[in-house]
Amino acid sequence: MTDRFDVSLDLMRRLPPEDVEENLAGLLQLVPDLADDLLSAVDQPLKIKRCPASGRDFLLCDYNRDEDSYRSPWSNEYDPPLPDGAGPSPGLRKLEVSANEAFNVYRE
C-alpha cells in the first residue's frame, strides 16, 4: 500500500495545483482503497457551505467532516443529515459557541 500511496502523492505534486480537486477526484477513481489516506494527505481549497438550520456560512474541512457530511458549528447539525455523526462533548460545544460569538465580533 505504501508504494501506491507514495506514487499517488508524487503524481499529485507533479500535476498543476489549480486543478487539485479534479486531479484528486480522478486519482480516487483509480485507487479507491486509498481514499481516506489521500483525502487527509492532499491539501484542497476550503469550501463554504450555508447551514440549513441557521442560514449562516461555515467552512468545509476535515475537522468538521464525518463520512460525506459536514457539521455546522452554528447548529451542531450535519449536512447532509448524519444521525450517528460524531460531535463535541457538551463542554467543548459550549466553548465552540463562545468562540464563534467572539470571532463574530471581528467578522462584522
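Note that this is a predicted model, so its numbers are computed, not measured. (Residues numbered from 1 in each chain as written. Predicted model: local features only at pLDDT ≥ 70, side-chain atom pairs only at ≥ 80, totals over all residues. Heavy atoms only, no water.)

Hey, could you run me through the nonpolar core in this one?
Nonpolar side chains tend to gather and get buried jointly when the protein is soluble and globular. Counting residues in each nonpolar core, the largest one holds 11 residues, listed as Phe5, Leu9, Met12, Val20, Leu24, Leu27, Leu28, Val31, Leu34, Leu38 and Val42. Breaking this core down by element, the ones donating at least two residues are helix H1 (2-14) and helix H2 (20-30). Ranked by residue count, the leading element in this core is H2, at 4 residues. In this view, Met12 contacts Val20, Asn23, Leu24, Leu27 and Val42; residues no more than four positions away in its chain are not counted. (Core = buried A, V, L, I, M, F, W, Y, C linked by side-chain atoms within 4.5 Å. Buried < 20%, exposed > 50% of the residue type's maximum accessible area, 1.4 Å probe, protein only. Helix = DSSP H or I, 4+ residues; strand = E, 2+ residues; numbered from the N terminus. Contact = heavy atoms within 4.5 Å.)

What should I look at first to understand the packing of H1 against H2 in this one?
The relative placement of two packed helices is expressed as an angle between their axes plus a distance between the axes. Where H1 meets H2, the axes come as close as 10 Å, and the angle between the chain directions of the two elements is 155°. Judged on the interaxial angle alone, H2 and H1 are roughly antiparallel. Every pair of crossing elements has a handedness; the one defined by H1 and H2 is right-handed. On the side of H1, the interface is formed by Ser8, Leu11 and Met12, while H2 contributes Val20, Asn23, Leu24 and Leu27. (Axes fitted to C-alpha atoms, helices over the stretch in contact; angles between N-to-C directions. Parallel < 35°, antiparallel > 145°, perpendicular 65-115°, else oblique. Left-handed = near helix turned anticlockwise from the far one by under 90°.)

How should a nonpolar patch on the surface be read in this particular structure?
Together, Leu46, Ile48 and Leu59 make up an exposed nonpolar region whose accessible area comes to about 320 Å². Counting through the fold element by element, Ile48 comes out in strand S1 (residues 47-50). On the basis of relative accessible area, Ile48 is assigned to the exposed category, the value being 60%. (Patch = residues over 30% accessible without salt bridge, like charges linked within 9 Å, V, L, I, M, F, W, Y side chains within 5 Å. Areas by Shrake-Rupley, 256 points an atom, 1.4 Å probe, with all protein chains shown as cover. Salt bridge = Lys/Arg side-chain N within 4 Å of Asp/Glu carboxyl O.)

Would you mind going over the pattern of salt bridges with me for this structure?
It is possible for side chains bearing opposite charge to pair when their charged atoms get close. One pass over the structure, following the stated rule, counts 9 salt bridges. The shortest N-O distance in the salt bridge between Asp10 and Arg13 comes to 3.8 Å. Of this pair, Asp10 and Arg13 both sit in helix H1, 3 residues apart, roughly one helical turn. Overall, Asp10 belongs to the partly exposed group, its relative accessible area being 30%. Using a relative accessible area of 62% as the deciding quantity, one classes Arg13 as exposed.

Looking at this structure, how should I read the sheet that holds strand S3 (residues 65-66)?
Through backbone hydrogen bonds, the strands of a sheet pair up, either in parallel or in antiparallel fashion. Within the open sheet, the 3 strands sit side by side as S3-S4-S5. Their pairing is antiparallel. On the outer flanks of this sheet lie S3 and strand S5 (78-79), each paired with one strand and no other. (Pairing = 2+ DSSP bridges.)

Even after reading the chapter, I still don't get the pairing of S1, so can you show me in this structure?
Here is the key point about a regular strand: its side chains alternate between the two faces of the sheet. Both S1 and strand S2 (residues 57-60) contribute to a ladder of 4 bridges, which runs antiparallel. When the bridges of S2 are listed, Ile48 appears paired with Leu59. Here S1 hands over to S2 after 6 residues, with Gly55 in that stretch at a positive phi of 75°.

Teacher, can you tell me more about H1 here?
Helix length check: H1, at 13 residues, gives a terminal C-alpha distance of 18 Å against a target of 18 Å (1.5 Å per residue), a fit within 8%. For H1, every residue scored as buried is listed here: Phe5, Ser8, Leu9 and Met12. Each buried residue of H1 lies within a common arc of 95° when the element is viewed along its axis, so the set occupies one face. Across H1 from its buried face, at more than 90 degrees, point the exposed residues Asp3, Val7, Arg13 and Arg14. (Expected span 1.5 Å × (residues − 1). Arc of directions from axis to C-beta.)

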